[in-house]
Every structure is written in C-alpha cells, then in structure tokens.
Amino acid sequence: MLNSVIMTGRMVADPELRTTQSGVNVTSFRMAVTRNYKVNDEYPSDFFTVVAWRNTAEFVSRYFTKGRMMLVEGRLQ
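The paragraphs below set out a description of the structure included in this document. The structure displayed is predicted, hence computed values, not measured ones. (Residues numbered from 1 in each chain as written. Predicted model: local features only at pLDDT ≥ 70, side-chain atom pairs only at ≥ 80, totals over all residues. Heavy atoms only, no water.)

Throughout the structure, instances matching the rule amount to two aromatic pairs. Ring geometry for F59 versus Y63: centroids 5.0 Å apart, planes at 50°, classification tilted. Here F59 pairs with Y63, and both are found in helix α1 (residues 54-63), just four residues apart, close to one helical turn. For the pair F59 and F64, a centre-to-centre distance of 6.1 Å together with 65° between the ring planes defines the contact as edge-to-face. A relative accessible area of 46% means that F59 is categorised as partly exposed. We classify F64 as buried; its relative accessible area is 15%. Clustering of aromatic rings is evident, with ring pairs tying together F59, Y63 and F64. (Phe/Tyr/Trp six-rings, centres within 6.5 Å; stacked < 30°, edge-to-face > 60°. Helix = DSSP H or I, 4+ residues; strand = E, 2+ residues; numbered from the N terminus. Buried < 20%, exposed > 50% of the residue type's maximum accessible area, 1.4 Å probe, protein only.)

Laid out in structure tokens, this is it:
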C-alpha cells in the first residue's frame, strides 16, 4: 500500500519545539491548504496538523513562522 502526501500551504501559527523525555525534538504546527476551485467566490481551505521529528523539527521551528508558505511531504496517520 502507498501512503504518501505532498501539500503546499501556509502555516496557521508559529511552530512550538518540544523535547520528549528521551531527548528527541518534536514540533507540531497547523497548516492551511487552499483548494484550487471557488465556492461562492472564495477558495475553501483544509487545515492539517503536521508533526516533525528530530532535525526536521529544529529546522521548522528555527526558519518558519506564521503565514509562511511551505511544502510538506510525508504520510497520513
């Protein structure tokens, strides 16, 4: 089976970096992905919660802030 997702959207809020009890960095953030069709003269958006681990978590928390456009590649869970 294939479980692969690629999304482009904007961050809804600043990411928050946390550390687990075992010392692993983790960050979670919400992102809005706009659909490419209009409903009542507006483009609807879907909202996703994304979790990043280890070095990716540090990178996201350091370089991305609310409103930044980003591309996320991963799997749905």
